Amino acid sequence: MSDTRPDISYEQAREELVEVVRKLEAGGTTLEESLALWERGEELATTCHQWLEGARTRLAEAQAAHTDEKKSD
């Protein structure tokens, strides 16, 4: 994840993404509406990915710091 965090939380992005997928699966939208939903879904998926990558990085850093502490004991 870059130094800047997404504008919305992981949980918000995930919930909105679930709603977008539900609308797309239900059908009944115009092609233009479907394309707009798809684009929004892609944005939300990217946001979720950024949050998860940031969490992985933080976890790896914490594990490395813990390992370094154990080595210095």
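Now for a look at the structure at hand. (Residues numbered from 1 in each chain as written. Predicted model: local features only at pLDDT ≥ 70, side-chain atom pairs only at ≥ 80, totals over all residues. Heavy atoms only, no water.)

What about helix 2 (residues 31-72)?
Rules: A run of DSSP states H or I qualifies as a helix once it reaches four residues; a run of E qualifies as a strand once it reaches two. Both are numbered from the N-terminal end. Helix span is expected to be 1.5 Å times the residue number reduced by one. Each residue's exposure class comes from its accessible area (1.4 Å probe, protein chains only) as a fraction of the maximum for that residue type: buried when under 20%, exposed when over 50%, partly exposed otherwise. Between two residues, a contact is recorded if the distance between any of their heavy atoms is within 4.5 Å.
Taking 1.5 Å of rise per residue, 42 residues should cover 62 Å, and helix 2 covers 61 Å from first to last C-alpha, within 8% of that figure. What helix 2 keeps buried is the set L37, G41, L44, T47, C48 and G54. Taken together, the buried residues of helix 2 touch helix 1 (10-26).

Side note on helix 1
Here helix 1 contains 17 residues, and its C-alpha end-to-end distance of 24 Å stays within 8% of the 24 Å for a straight helix at 1.5 Å per residue. Taken from the residues just after helix 1, G27 is the one with a positive phi, measuring 75°.

Describing the pattern of salt bridges
This is how the line gets drawn: Any carboxyl oxygen of Asp or Glu that lies within 4 Å of a side-chain nitrogen of Lys or Arg is treated as forming a salt bridge with it.
The tally for this structure, following the rule as stated, stands at five salt bridges. Between R14 and E15 there is a salt bridge, with the nearest N and O atoms lying 3.4 Å from each other. The exposure class of R14 is partly exposed, given its relative accessible area of 34%. For the salt bridge of R40 with E43, the shortest nitrogen-to-oxygen distance reads 3.0 Å. Of the two residues, R40 and E43 are both situated in helix 2; the distance of three residues between them amounts to about one turn of the helix.

What to know about the nonpolar core
Basically, it comes down to this: Nonpolar cores were defined as sets of buried Ala, Val, Leu, Ile, Met, Phe, Trp, Tyr and Cys residues, with membership established by side-chain atoms within 4.5 Å.
Judged by nonpolar contacts, A13, V20, L37, L44 and C48 together constitute the single largest core of five residues. If you list the elements that add at least two residues to this core, you get helix 1 and helix 2. The element that contributes the greatest number of residues to this core is helix 2, accounting for three residues. The contact partners of L44, leaving out residues within four places of it in the chain, are I8, A13, E16, L17 and V20.

Some remarks on the environment of A55
Turning to its location among the elements, A55 is positioned in helix 2. Under the relative-accessibility criterion, A55 is labelled partly exposed at 43%. Note: C-alpha distance between A55 and E19 (36 residues apart in sequence) is 24 Å.

Some words on the environment of T67
Looking at where T67 falls in the secondary structure, it is placed in helix 2. What makes T67 partly exposed here is its relative accessible area of 37%. Taking the C-alpha atoms as reference points, T67 and W38, 29 residues apart in sequence, are found 43 Å from one another.

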